[in-house]
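An overview of the molecular structure
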2 protein chains.
Amino acid sequence: MNERIKCEKYLSKVMTADEAAKLIYPGATIGLSGFTPAGHAKAVPLAIAKRAEETGEKLDLTIMTGASVGDQIDGALTRAGAMKKRLPYQTNSTVRNAINAGEIEYFDMHLSQLAVWAKNGFFGDIDFAIVEVSGIDEDGHIIPSTSIGAANTYIDCAKKVILEVNTTQPLSLKGIHDVYTVERVPNSKPIPIVRAADRIGTEYYPCDFDKIAAIVMTDIPDKGRAVQPVDDISQKIADNIVELITKETEAGRLPVPLPPLQSGVGGVANAVLAGLKKSSFTNLNVYSEVLQDAVFDLIDAGKIAFASGTSLTISPDFQEHYDKNFEKYKDKIMLRPQEISNHPEVIRRLGIIAMNTAIEVDIYGNTNSSHINGTRIMNGIGGSGDFAQNAGLSIFMTPSTAKNGTLSCIVPFVTHVDHTEHDIHFLVTEYGYADLRGLPPRIRARKIIEVCAHPDFRPQLLDYLERSCMECECKQTPQLLREVFADK
Amino acid sequence: MNERIKCEKYLSKVMTADEAAKLIYPGATIGLSGFTPAGHAKAVPLAIAKRAEETGEKLDLTIMTGASVGDQIDGALTRAGAMKKRLPYQTNSTVRNAINAGEIEYFDMHLSQLAVWAKNGFFGDIDFAIVEVSGIDEDGHIIPSTSIGAANTYIDCAKKVILEVNTTQPLSLKGIHDVYTVERVPNSKPIPIVRAADRIGTEYYPCDFDKIAAIVMTDIPDKGRAVQPVDDISQKIADNIVELITKETEAGRLPVPLPPLQSGVGGVANAVLAGLKKSSFTNLNVYSEVLQDAVFDLIDAGKIAFASGTSLTISPDFQEHYDKNFEKYKDKIMLRPQEISNHPEVIRRLGIIAMNTAIEVDIYGNTNSSHINGTRIMNGIGGSGDFAQNAGLSIFMTPSTAKNGTLSCIVPFVTHVDHTEHDIHFLVTEYGYADLRGLPPRIRARKIIEVCAHPDFRPQLLDYLERSCMECECKQTPQLLREVFADK
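Residues take numbers from 1 onward in each chain, read along the sequence in its written order. Working convention: letters from A go to chains and numbers from 1 go to ligands, in the order in which they are written. Only residues with pLDDT of at least 70 are given local features in this predicted model, and only at 80 or more are side-chain atom pairs given and counted; all residues enter the totals for whole chains, interfaces and linings. The side-chain numbers reported here are obtained from all heavy atoms of the structure, hydrogens and water having been left aside.

A look at the UniProt feature "domain: Acetyl-CoA hydrolase/transferase N-terminal" (unreviewed entry) in chain A
Here is the rule: UniProt positions are given in the numbering used here, feature names are shortened, and annotations may be inferred rather than shown by experiment. In this text, helices come from DSSP runs of H or I with a minimum length of four residues, and strands from runs of E with a minimum of two, each type numbered from the N-terminal end.
As recorded in UniProt, the feature "domain: Acetyl-CoA hydrolase/transferase N-terminal" (unreviewed entry) lies at residues 8-216 of chain A. Helix makes up 22% of residues 8-216 of chain A and strand 19%, whereas the separation of the span's terminal C-alpha atoms amounts to 15 Å.

Set out below in structure tokens:
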């Protein structure tokens, strides 16, 4: 234990997860560490779930995290019936099903807003912070683990703090974190980041010792998700993105070296990074949420100068290589609070190239990234709005069809709007990229249909557009609204 | 003339408006000064319209401004058939009708994005800047008039600059401007504003002398619009807003003195400011787009410490009082470029209280602020997105009904989305205010209906919600999409 808790006075706070779980009272609001299944609290939430199951108590907890977390939180607490409310983002099927069944209240919000809302009291009192850390050093500094997310804010705002010291997280993580908190209005100052690599905070979570109610030792590992192999459609989307970025630089509308890249998680994101690996671009920077395998692959290739995120997820296949080379990666990566990784101020200043995935996009460029058929929530808006609204170049991408080609992802009117026509510059599918900048709606509609829609669906979409332009008295944004949801 | 052009070398550039108008070539892209009918170029656009009418030339101009401008631009150039394309915002009925008739291409965009798009070349070449100024001083400094808008950017980006020296604009305007331009990526730096009153730039437009192609003298005055008297409904909305702000301060969620206020133009905005005049709040600040009569009324009352905007519009009734007291106002106001007045970085940092008007709002909090029936564009999104997305408190307001009470402004699904459910904190009508923060969609829907909808429409909206919750398999955002536009 001493290897992880090197400041003696902290040892007095150590207890078991079951003991720590007993501190939680019904109705509590809990802020937990964790962002995109990395660095989330594990042992204590499992113990809370066990307690709820064993005692049958109705805990009615409000569970706040950075973003998505592992089954130890969303799965276990849902199955135990201990969760009343969840925010700001999730990807776990157990909690998602409970949300869509109306059993759990879910509030889906911009990830950049979470910290300021918490500090301003918009969520009411935060009773507990439960935060995974990799250790406590000789100076009593609390070293984060594989994500920061909103953990720094929860530690600041919560009445009591429970730390989980995770012995499976390497001690070598020390030094990659940059913890910085924006002060509340009227004391907030400019965030002094002008390069992705700028260090502005501390390597540890500042925390009042007296607020620490428990320290729990655990060895439950992070579980990195396997990276999906890149399929043909993702590859074509990625190729189109690399091509449009290249053309923008040739036209002088994007500087070289490129502004920092933001990309989501998954196949297309990996394919884009793989495409950049083959391109002539060098000295790349990443300013994003999640750092995944592909980022390290690009560091290996000498392509990435620096990568800033709020979470670090390595797939099982890549783990051994990553561990072996960590010292090489260490001075090229940084984890920040999501308040900073997603802050509009920094995103605008750096002119970030944002790449976000849509569920469906309409012919006018409005994007649905959260609800199937307008009613079934999948994950949430996450950071996509933070980046799309403020990016120097805002790219949305989607395969042209879903459900084995039977549904068009380009539709006359999206069933739910997460991003409006005002926040998209390029739409990309496997068929091409449509530059929407400066185009009035009826012209962008034609372009989206002719460039991005699947050829099988182009005739009916063009027919809709042409009839709209003909029959609708107003030609700015022609619509035949009575038709758009007629088959729903 | 010497009283206005005090640096001799500039005198050589003076010519008539007709002569300057001849410099314009077909297909040109022109960036003009002007924001909310103030400080817009007048003589040269009128002369361009006259030229087009007299010669029958097809000029096909792209007309870019700060925001809305006077009839000398939007009316005259539309009637002359000289305008092919218009952006980023308009309120003139002549151009609006031409846009909705499909005769003019209109691109509606966030006002904060205009400058960065121009600098990055997203609009292509900008051939001319036509900018109204109040004079040129001994040092050759070009002093803006009653607005800045995007004029500084157009001067920077255009190949040629045409200045209109307007002798009806008081010379005393010198000193109220703060011209600051954000550098292009990768050279952009933090914008060093931490208080509404912070001065960060110059009192004049920097401009390369050799780029000036013409200087035109004019005496066409700005035409301030009459301020609508506050009707009963606006008064109730304003009272509700003042009440909710008061409650937020009492709960500690808003600091005192209040963060700076942003408010739109018109009756409710004036009523809110009048309400604050009667309240116990003091030391108020404004960080907004347009400074109108009510701001000066509050300065008279000793309530406003400082007001920052990008435009200054005084109604005819108030003009005499304003002129008489200008020296008193002068050190309490500042005009900035719209890139700064609307910048997300500053809006977030200052924690601004944003008050924006909606055309219709749906029960889930999505807002339409631009399109009647989803197809007829009114003005545009303007700065509402810049403020709503980044405000410390984002308030949307609308009367509960339109068309003499025959239409509900609260609907199941808005016909056009300009602001998503993610960017609204409070919805206010004359019936009350709904605090939507943290509420899952189905619960916010009930609240909006019960608190904000007109009582005559509550039963049918509740019926829709209840049937949606019952019939829809997914309870997160229940919808019966087939119904929502059935009567359109």
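Concerning the pattern of salt bridges
We apply this condition: Here, a salt bridge means any Lys or Arg side-chain nitrogen found within 4 Å of an Asp or Glu carboxyl oxygen. Note on classification: 1.4 Å probe, protein chains only; a residue is buried when its accessible area is under 20% of the maximum for its type, exposed when over 50%, partly exposed between these limits.
By the definition in use, this model includes 52 salt bridges over all chains. For Asp178 of chain A, the salt bridge identified is with Arg336 of chain A, shortest N-O distance 3.0 Å. Taken together, the residues Asp178 of chain A in the loop between strand 7 (160-166) and strand 8 (212-218) and Arg336 of chain A in the loop between strand 14 (333-335) and helix 11 (338-341) connect sequence positions 158 residues apart. For the pair Asp178 of chain A and Arg336 of chain A, a shared accessibility class is recorded, and that class is buried. Arg349 of chain A is the salt-bridge partner of Glu345 of chain B, the closest N and O atoms lying 3.0 Å from each other. A residue pair is termed interchain when its members come from two chains, as with Glu345 of chain B in helix 12 (residues 344-350) and Arg349 of chain A in helix 12 (residues 344-350). Here the salt bridges do not stand alone but share partners, grouping Glu248, Arg253, Asp435 and Arg437 of chain A into one network.

Re the domain arrangement of chain A
Reports of interface size often rely on the accessible area that becomes lost once the parts have come together. Residues and elements named next belong to chain A. To keep things clear, this is the line we draw: Note that the domain bounds reflect an automated or database-derived domain assignment. Contacts between residues were defined by any pair of non-hydrogen atoms, one from each residue, lying within 4.5 Å. When two components associate, each loses some accessible surface as probed by a 1.4 Å sphere; the sum of these losses over both components is called the buried area. We define a polar contact as two N or O atoms separated by no more than 3.5 Å, with the added condition that, inside protein, one atom must be a possible hydrogen donor and the other a possible acceptor, whereas residues neighbouring each other in sequence contribute only through side-chain atom pairs. Basically, the charged four are Asp, Glu, Lys and Arg, the nonpolar ten are Ala, Val, Leu, Ile, Met, Phe, Trp, Tyr, Cys and Pro, and anything else, Gly included, counts as polar.
What the domain assignment reports for chain A is domain 1 (8-218) and domain 2 (232-471). Taking only C-alpha atoms into account, the centre of domain 1 sits 29 Å from that of domain 2. Tallying the contact residues gives 51 residues for domain 1 and 44 residues for domain 2. Of the roughly 3,600 Å² buried between domain 1 and domain 2 on both sides combined, carbon and sulfur atoms contribute 57%. Our count for the contact surface shared by domain 1 and domain 2 stands at 2 salt bridges. Joining domain 1 to domain 2, the criterion identifies 30 residue pairs in polar contact (both at pLDDT 80 or more). Looking at the side of domain 1 that touches domain 2, the elements that each hand over two or more residues are helix 4 (93-100), helix 5 (114-120) and helix 6 (151-157). Considered class by class, the residues forming the side of domain 1 that touches domain 2 number 26 nonpolar, 17 polar and 8 charged.

Quick word on the pairing of strand 10 (residues 284-287) of chain B
On any regular strand, side chains alternate: one points to one face of the sheet, the next to the other face. All names here are of chain B. Counted only if it meets this: The pairing criterion for strands is at least two bridges between them, as found by DSSP.
Judged by which residues are buried, strand 10 turns out to be covered on both faces: Leu284 and Val286 on one side and Asn285 and Tyr287 on the other are all buried. As paired strands, strand 10 and strand 12 (residues 304-309) are joined by 4 bridges and run parallel to one another. Residue pairing for strand 12: Asn285 is matched across the bridge by Phe306.

Digging into the interface of chain A and chain B
Across the boundary between the two partners, chain A contributes 86 residues, which contact 87 residues of chain B. Note on chain A versus chain B: buried area summed over both sides is about 6,700 Å², and carbon and sulfur give 54% of it. At the junction of chain A and chain B, the tally comes to 2 salt bridges. The interface formed by chain A and chain B includes 34 residue pairs in polar contact (both at pLDDT 80 or more). Elements with a contribution of two residues or more to the side of chain A that touches chain B: helix 4, strand 4 (105-106), helix 5, helix 12, strand 19 (376-377), helix 13 (384-390), helix 14 (441-452) and helix 16 (481-484) of chain A. Of the residues assigned to the side of chain A that touches chain B, the class counts are 35 nonpolar, 29 polar and 22 charged.

Overview of the relation of the copies chain A and chain B
Each copy of the chain is related to the other by a rotation around an axis and a translation along that axis. Our working definition: To superpose the copies, least squares is applied to the C-alpha atoms of every residue with a pLDDT of at least 70 in both.
The transform that puts chain A on chain B rotates by 180° and translates by 0.0 Å along the axis, for an RMSD of 0.0 Å. Between the two chains, the operation in question is that of a two-fold axis. In terms of proximity to the rotation axis, the leading residue of chain A is Glu345 of chain A, whose C-alpha is 2.1 Å off the axis. Mapped onto chain B, 100% of the interface residues of chain A are again interface residues, and the two copies thus contact each other with one and the same surface.

Section: the sheet that holds strand 23 (residues 410-411) of chain B
Backbone hydrogen bonds are what pair the strands of a sheet, in a parallel or an antiparallel way. Read from one edge of the open sheet, 3 strands run 17-16-23 (chain B), paired in mixed fashion. The open sheet is flanked by strand 17 (367-368) and strand 23 of chain B, the only strands paired with a single partner.

Concerning the UniProt feature "domain: Acetyl-CoA hydrolase/transferase C-terminal" (unreviewed entry) in chain A
Under the feature "domain: Acetyl-CoA hydrolase/transferase C-terminal" (unreviewed entry), the UniProt entry names residues 328-464 of chain A. Span residues 328-464 of chain A is 29% helix and 26% strand, its end C-alpha atoms 55 Å apart.

Thoughts on the packing of aromatic side chains
What describes a pair of aromatic rings is the distance from one ring centre to the other and the angle between the planes of the rings. So the rule is basically this: Centres within 6.5 Å make a pair out of two Phe, Tyr or Trp rings, where for Trp the six-membered ring is used; the pair is then stacked when the planes are under 30 degrees apart, edge-to-face when over 60, and tilted otherwise. Criterion for a charge above a ring: Arg CZ or Lys NZ at most 6 Å from the ring centre, at most 35 degrees from the ring normal.
What the rule picks out here adds up to 26 aromatic pairs over all chains. With 5.2 Å between their ring centres and 80° between their planes, Phe296 of chain A and Tyr322 of chain A make a pair best called edge-to-face. Taken together, the residues Phe296 of chain A in helix 9 (residues 293-300) and Tyr322 of chain A in helix 10 (residues 316-330) connect sequence positions 26 residues apart. Both residues of the pair, Phe296 of chain A and Tyr322 of chain A, count as buried. What links up through ring pairs into an aromatic cluster is the set Phe107, Trp117, Phe122 and Phe123 of chain A. A cation sits over an aromatic face here: Arg437 of chain A above Phe122 of chain B, 4.2 Å from the ring centre.

As for the environment of Val484 of chain A
Along the polypeptide, Val484 of chain A turns up in helix 16. Along the primary structure Val484 of chain A and Leu393 of chain A are separated by 91 residues, whereas in three dimensions their C-alpha atoms are 30 Å apart. Filtering out sequence-adjacent residues up to four positions away, Val484 of chain A remains in contact with Pro412, Phe413, Tyr464 and Gln479 of chain A together with Phe485 of chain B.

Structural notes on the side chain of Lys119 of chain B
Residues and elements named next belong to chain B. The topology assignment puts Lys119 in helix 5 (residues 114-120). On the accessibility criterion, Lys119 (15% relative accessible area) is buried. For Lys119, the contacting residues outside a window of four places in its chain are Thr153, Cys157, Thr181, Val182, Arg184 and Glu339.

What to know about helix 2 (residues 43-55) of chain A
Rules: Residue count minus one, scaled by 1.5 Å, sets the expected span of a helix.
Across its 13 residues, helix 2 of chain A extends 18 Å between first and last C-alpha, which sits within 8% of the 18 Å expected from 1.5 Å per residue. Here helix 2 of chain A has its buried residues at Ala43, Val44, Pro45, Ala47, Ile48, Ala49, Arg51 and Ala52 of chain A.

So, the nonpolar core
A general trend in soluble globular proteins is that nonpolar side chains are found buried together. Cut-off, in case you're wondering: The set of buried Ala, Val, Leu, Ile, Met, Phe, Trp, Tyr and Cys residues whose side-chain atoms join them within 4.5 Å is what this entry labels a nonpolar core.
Judged by nonpolar contacts, the single largest core of 149 residues is most densely connected at Phe296 of chain A together with Phe296 of chain B. In this structure Phe296 of chain B touches Leu291, Leu312, Ile314, Phe318, Tyr322, Tyr329 and Ile333 of chain B, once residues within four positions along its chain are discounted. Grouped together as the second largest cluster of nonpolar side chains are 52 residues, Ile449 and Leu461 of chain A together with Cys452 and Leu481 of chain B included.

Focus on unusual backbone geometry
With omega at 0°, the peptide bond leading from Val256 of chain A into Pro257 of chain A counts as cis. On the secondary structure map, Pro257 of chain A appears in the loop between helix 7 (232-250) and strand 9 (261-263). If you check the backbone angles, Asn373 of chain B has positive phi at about 55° while not being a glycine. For Asn373 of chain B, the location among the structural elements is in the loop between strand 18 (371-372) and strand 19 (376-377). Overall, Asn373 of chain B belongs to the partly exposed group, its relative accessible area being 44%.

Section: the sheet that holds strand 17 (residues 367-368) of chain A
All names here are of chain A. Here we have 3 strands laid out as an open sheet, ordered 17-16-23, and mixed in their pairing. For this open sheet the edge positions go to strand 17 and strand 23 (410-411), each flanked by a neighbour on one side alone. Here strand 16 (residues 360-362) pairs with strand 23 via 2 bridges, running parallel. Looking across to strand 23, one finds that Asp362 is bridged to Val411.

Remarks on the packing of helix 9 of chain A against helix 10 of chain A
All names here are of chain A. For clarity, the cut-off: Between N-to-C directions, angles span 0 to 180 degrees; the directions come from axes that are lines fitted to C-alpha atoms, helices contributing only their stretch in contact. Every angle not falling under 35 degrees, over 145, or within 65 to 115 is termed oblique; those three ranges are roughly parallel, roughly antiparallel and roughly perpendicular. By definition, turning the near helix anticlockwise from the far helix through less than a right angle yields a left-handed crossing, and turning it clockwise yields a right-handed one.
Relative orientation of the contacting elements helix 9 and helix 10 amounts to 50°, with a least axis distance of 11 Å. One finds that helix 9 runs oblique with respect to helix 10. Pair helix 9 / helix 10 crosses with left-handed handedness. In contact with Asp293, Phe296, Asp297, Ile299 and Asp300 of helix 9, helix 10 contributes Phe318, His321, Tyr322, Lys328 and Tyr329.

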